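# Observations on chain architecture
Given next are the chains, with one letter for each unit.
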Amino acid sequence: MLTRRHLLALSSAVAPGVLPMLGLAGLPQRAHAATQRIVSVGGALTELIYELGAEADLVGVDSTSLFPVAATRLPNVGYARTLAAEGLLSLAPTLIVATEEAGPPTVLRQLETAKVPLHVLRADHRFEGIVDRTRRLGELLGRPTQASALIQRLQKEWAVSQQTVTRLAAAHRAPRVLFVLSNAANQARIAGTETAADAMLAYAGAVNALQGVQGYKMLSPEAAIAAAPDVILATTQGLESSGGADGLLRLPGLAQTPAGRQRRVVALETMEMLGFGPRLPQALTKLATALHAGAGKTA
Amino acid sequence: MALIAAVLVVVQFGAVPIALSDWLNGPWSEAPKSGGAHVLWQLRLPRILLTVAVGASLGLAGAISQALFRNPMAEPSLLGVTSGAAAAVALTLTLFAGLHLALPPTARLWLLPVVGFVGALGVCVVLQRLSRWLAPGSIAALLLCGLALQAMTFAIVGLCSFLANDEQLRAINFWTLGSLAGANWTMAVIMLTALLLLGSLAWRLAGRLNALALGEAAAAHVGIDVDRLRRHSVLVVALLSALAVAWCGSIGFIGLMAPHLARQLVGADVRRMLPCAMLAGALLLLVADTLARTLAVPAEIPVGVFSALIGAPWFLVLLRGAVRRMGSA
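Residues numbered from 1 in each chain as written. Chains lettered and ligands numbered in written order. Predicted model: local features only at pLDDT ≥ 70, side-chain atom pairs only at ≥ 80, totals over all residues. Heavy atoms only, no water.

## Section: unusual backbone geometry
Residue and element names in this part refer to chain A. Our working rule: Think of it this way: any DSSP run of H or I at least four residues long counts as a helix, any run of E at least two long counts as a strand, and we number them from the N terminus. When a residue's accessible area, from a 1.4 Å probe over protein chains only, is under 20% of the maximum for its type it is buried; when over 50% it is exposed; and in between it is partly exposed.
The omega torsion of the bond from F67 to P68 falls at -10°, within 30 degrees of zero and hence cis. Within the chain, A228 stands out as a residue other than glycine whose phi angle is a positive 45°. Residue placement: A228 occurs in the loop between α8 (221-227) and β9 (231-235). Residue A228 is classed as partly exposed on the basis of its relative accessible area, which comes to 28%.

## Side note on the side chain of N184 of chain B
Applicable threshold: By the criterion applied in these results, polar contacts are pairs of N or O atoms within 3.5 Å in which, for protein atoms, one can donate a hydrogen and the other can accept it, and in which residues neighboring in sequence qualify only through two side-chain atoms. Contact definition: two residues touch when any of their heavy atoms are within 4.5 Å.
Here N184 of chain B is to be found in the loop between α7 (166-177) and α8 (185-212). A polar contact of 3.1 Å, which involves the side chain of N184 of chain B, links it to the backbone nitrogen of T186 of chain B. There is a polar contact of 2.9 Å between the side chain of N184 of chain B and the backbone nitrogen of M187 of chain B. Sequence-distant contacts of N184 of chain B, that is, excluding residues within four places in its chain, are made with R109 of chain A together with P46 of chain B.

## Thoughts on the interface of chain B and chain A
This is how the line gets drawn: Accessible area that two parts lose when put together, with a 1.4 Å probe and added across both, is what the buried area reports. Salt bridges are defined as contacts in which a side-chain nitrogen from Lys or Arg sits within 4 Å of a carboxyl oxygen from Asp or Glu. Three categories are distinguished: nonpolar for Ala, Val, Leu, Ile, Met, Phe, Trp, Tyr, Cys and Pro, charged for Asp, Glu, Lys and Arg, and polar for the others, with Gly belonging to the last.
Contact with chain B, which involves 36 residues of that partner, is made by 34 residues of chain A. The junction of chain B with chain A conceals about 3200 Å² of combined surface from both sides, 62% of it contributed by carbon and sulfur atoms. Where chain B meets chain A, there are 2 salt bridges. Salt-bridge contacts for E86 of chain A lead to R44 of chain B; the nearest nitrogen and oxygen are separated by 2.3 Å. Here chain B and chain A share 3 residue pairs in polar contact (both at pLDDT 80 or more) between them. Put simply, the parts of the chain that give the side of chain B that touches chain A at least two residues each are α3 (35-69), α6 (139-163), α7 and α12 (270-294) of chain B. A total of 7 residues in the side of chain B that touches chain A trace back to one element, the largest contributor, which is α7 of chain B. Looking at side-chain class alone, the side of chain B that touches chain A contains 21 nonpolar, 9 polar and 6 charged residues.

## Topic: the packing of aromatic side chains
Residues and elements named next belong to chain A. Threshold: Within 6.5 Å between ring centres, the rings of Phe, Tyr and Trp (the latter by its six-membered ring) count as paired, and their orientation is classed by plane angle as stacked under 30 degrees, edge-to-face over 60, tilted in between.
On inspection of all chains with the given rule, the structure shows 3 aromatic pairs over all chains. With 4.5 Å between their ring centres and 0° between their planes, F127 and W158 make a pair best called stacked. Placement of the pair is F127 in helix α5 (residues 127-140) and W158 in helix α6 (residues 144-171), with a sequence separation of 31 residues. According to the relative accessible area criterion, F127 is buried, its value standing at 5%. W158 sits in the buried class, given a relative accessible area of 9%. Three or more aromatic residues joined by ring pairs make a cluster, and in this case those are F127, W158 and Y203.

Put into structure tokens, the structure is as follows:
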């Protein structure tokens, strides 16, 4: 079964890979410098490494590391769940940091036997989780002071974004929001509970219109209509591939919802909104402002 | 010879460059392992041996099925064997995950291969019973039952991928596209031993499979117990493909291409074709896996992508030949 996701992954994986293949001499050489050689598996971890100022030590990232743009120019080890042991070892890493998503398990075991320090950091959809990850990364990278400074900054930004949410939520009825992930026509999925999208909606003082469902599910037109969302939330990437808000609202069922009739579609960049990285406070402010704008007044 | 040469060539390709000293720094040596030596001895060599064994198994299984069905389009997956393993694995991944059983790590590593093997064998048992119930002794009935079982097992995989979360979906994809990335020495040694045993079994079937080429009735006339031969052949095919699938997922088209290459090289005599098909299968899979390992460095592409990219056009060319022969007959 070759799905569109495979093809996408393939095209993004092959493009940077063919060049070193053509000139075998171009393969990464084992460096003997005293610096760390870090491979980051997980977009949020990559963002944190940049925030901690350790980007010079980065020698490889996974395919979810799309921000900052500079990270996309580093050697790409593929999607976090389909890593390859030899490919990782070819980067001669002294440290691999990964989220719990990383796999497959056999490859992790192969890395273990190769004695590469692999650190799997806990992933969750909580602000406190980001603080933990930042502290842990600070220890691993030998940058504890930078980590403390970053944590302080994040906590300050978080407090501000929380105030914004409280202010917005006080003035309005909480909007019912349906998150639609649509990266290919007819493959749209909607987010139930225990997803990053659900956690963001709760933080933003909104209600996930899709209740009683766990994880991401294929978009069922009738379920979307029954959910009766006031707003449809999407990712900018998904919106682009659907042909904008008009294209997204052409998906079966969405036009018949209150959000569809009023054309209320909000979109944020995927990793900013769902990555639970250092951009979380700013993402929350943006999200809450966009969701509450134009919501019906309670009073 | 060609195989040894090919192994020596492809072992040089990979993400990590291998130096001559790495070859000498094997498991027997006390010297500290350089990165290259570790990759060569712990990752690449077992992987290449496993690739050879799996490719040879698929080629052999394909050659036996083609002789058995007297149909050059036959291959083990047509019997539903490969998808039977995939369905069992998919069910395990999605349903058992819901039970939250705490298994020790070693059990986890063996659980899926064992489940896949049981799934493949299970399909074979059902296949035997079904085809006997439907039309005893008929090879056409066996093939049609295989197709029906394949459709059913695919449906189970489909249902599981619908129920699966992202992590489980990835694991199911891994199984449906195939990968040799998990190779280690244990797997390689078990697979090579099994190939040796099953290969000698297949060898003893070869003469009778030759007689079968004349037709079921003619074979029965010269004193061959067709039912028995069929049972044994299907068992060998099932064991070979179940073992191959258990660790590496389903890798398509090798079982189809290898026997064809063999027939073109040494003719249709099964006794000469079987070893040749094994060799061809091993070489084809080596090429496919080397592409999978090296094209996207430092990432890796599922090997099933390449076997299908090479194999599917091949299948169409074969089909065109078959259709033309039918037209002129």
